[in-house]
Amino acid sequence: MINAVIALVVIGLVITSLLYHDMYQQEQEKTLKSEREVVRLQKVVEANERNTPQELNETANKFIETMFAPDQNNPNTTKKALLSLTTGEAQRRLTETDKDVLTEDTNDLEGFKSKAVINESVYNWIGSRDGKVIVNFEHWLTKGGSTDKTVNEATIKIHYVDGKWKVSEYKINPLL
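Fair warning: this is a prediction, and the values are worked out from it, not measured in the lab.

Asks: Could you give me a rundown of the environment of K80, with the residues and numbers involved?
Replies: Locating K80 in the fold gives a position in helix α3 (residues 75-84). Using a relative accessible area of 62% as the deciding quantity, one classes K80 as exposed. Placed 29 residues apart in sequence, K80 and N51 show a C-alpha to C-alpha distance of 25 Å.

Written out as structure tokens, the structure is:
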């Protein structure tokens, strides 16, 4: 009889231990899930705090100035700078083809001077991690004493990635 009681106590302890272990595992999983959610929300809050007209306008303006004022002495510098400012679709466009980068054929750039003059940047809030900037700018292109100017409008979508604002999409239209 004592052996039966001891056996029941041992079985009860084993079952209780297994139940507590299972509950402990479930709590561990909940804790990890909660910690990941806290980290995600911290990133959203950080992005939201930095989603200001000044920061997004600076990012958009720097992108336009870099794209339309290539370093003629080192075209790869321009492309690297553009890629560091982009993510997503914008980066895909720049890496898939060089047609968007004004450094495609360095022989064609010899003797050219190109610059962008930002006239106006208008910021639009899309979400805590996204914004859109409309940039009105002049593109000045000079060769052999002759200067051409075009006025353009760029629609630039910007996304918060790894603590930085980066251009995720862009569209540039000449204004007539």
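Additional details are given in the paragraphs that follow.
Asks: Residues and numbers for the nonpolar core, please.
Replies: In terms of nonpolar packing, the biggest core is built from 23 residues, with F63, I64, V135, I156 and Y170 touching the most fellow members. Where this core is concerned, the elements lending two or more residues are α2 (53-68), α4 (88-96), β1 (112-127), β2 (130-143), β3 (146-161) and β4 (164-175). Tallying contributions element by element places α2 first for this core, with six residues. Other than its neighbours up to four places away in sequence, V135 contacts A60, N61, I64, I118, E120, S121, N152, E153, A154 and I156.

Asks: Which residues make up the sheet that holds β4, and what values do they have?
Replies: What links the strands of a sheet is backbone hydrogen bonding, and the strands pair in either a parallel or an antiparallel sense. In spatial order, the strands read β1-β2-β3-β4; together these four strands make up an open sheet with antiparallel pairing. Of all strands in the sheet, those with a lone pairing partner are β1 and β4, marking the two edges. If you compare each strand with its neighbour and ignore which way they point, the axes differ by 25° on average. Here β3 pairs with β4 via 11 bridges, running antiparallel. Bridge pairing in β4 places T155 opposite K171. Of the strands in this sheet, β1, β2, β3 and β4 are in contact with α2, which crosses β1 at around 150°.

Asks: How would you explain the pairing of β1 if you had to name every residue and give the values?
Replies: Across 14 bridges, the pairing between β1 and β2 is antiparallel. Within β2, the residue paired with E120 across the bridge is N136. Where β1 hands over to β2, the hairpin turn is made up of two residues, counted between the paired strands.

Asks: An account of the packing of aromatic side chains is requested, with residue identities and associated values reported.
Replies: Applying the stated criterion across every chain, the model contains three aromatic pairs. Seen from the ring of Y170, R93 lies directly overhead, with NZ or CZ sitting 4.0 Å from the centre.

Asks: With reference to specific residues and values, describe the pairing of β2.
Replies: Looking at chain direction, β2 and β3 are connected through 14 bridges and run antiparallel. Residue K132 lies in a different strand from β3, and its bridge partner there is K157.

Asks: Could you give an account of the pattern of salt bridges, with specific residues and numbers?
Replies: Scanning all chains against the criterion turns up six salt bridges. For the salt bridge of E55 with R50, the shortest nitrogen-to-oxygen distance reads 2.9 Å. Each member of the salt-bridge network shares a partner with another, and the members are E89, R92 and E96.

Asks: An account of a nonpolar patch on the surface is requested, with residue identities and associated values reported.
Replies: On the surface, I2, I6, V10, V14 and L18 cluster together to form a nonpolar patch covering roughly 480 Å² of accessible area. With respect to the helices, strands and loops of the structure, V14 is situated in helix α1 (residues 2-50). On the basis of relative accessible area, V14 is assigned to the partly exposed category, the value being 44%.

Asks: Describe the packing of α2 against α3, naming the residues involved and giving the relevant values.
Replies: With their axes 9 Å apart at the nearest point, α2 and α3 run at an angle of 160° to one another. With respect to α3, the element α2 is oriented roughly antiparallel. Of the two elements, α2 crosses α3, and the hand of that crossing is left-handed. For the pair formed by α2 and α3, the contact residues are F63, T66 and M67 on the first element and T78, A81 and L82 on the second. By residue class, the composition of the contact of α2 with α3 is four nonpolar, two polar and no charged.

Here is what the cut-offs are and how they apply
- Residues numbered from 1 in each chain as written.
- Predicted model: local features only at pLDDT ≥ 70, side-chain atom pairs only at ≥ 80, totals over all residues.
- Heavy atoms only, no water.
- Helix = DSSP H or I, 4+ residues; strand = E, 2+ residues; numbered from the N terminus.
- Buried < 20%, exposed > 50% of the residue type's maximum accessible area, 1.4 Å probe, protein only.
- Core = buried A, V, L, I, M, F, W, Y, C linked by side-chain atoms within 4.5 Å.
- Contact = heavy atoms within 4.5 Å.
- Pairing = 2+ DSSP bridges.
- Axes fitted to C-alpha atoms, helices over the stretch in contact; angles between N-to-C directions.
- Phe/Tyr/Trp six-rings, centres within 6.5 Å; stacked < 30°, edge-to-face > 60°.
- Lys NZ or Arg CZ within 6 Å of the ring centre and 35° of its normal.
- Salt bridge = Lys/Arg side-chain N within 4 Å of Asp/Glu carboxyl O.
- Patch = residues over 30% accessible without salt bridge, like charges linked within 9 Å, V, L, I, M, F, W, Y side chains within 5 Å.
- Areas by Shrake-Rupley, 256 points an atom, 1.4 Å probe, with all protein chains shown as cover.
- Parallel < 35°, antiparallel > 145°, perpendicular 65-115°, else oblique.
- Left-handed = near helix turned anticlockwise from the far one by under 90°.
- Nonpolar A, V, L, I, M, F, W, Y, C, P; charged D, E, K, R; others polar.

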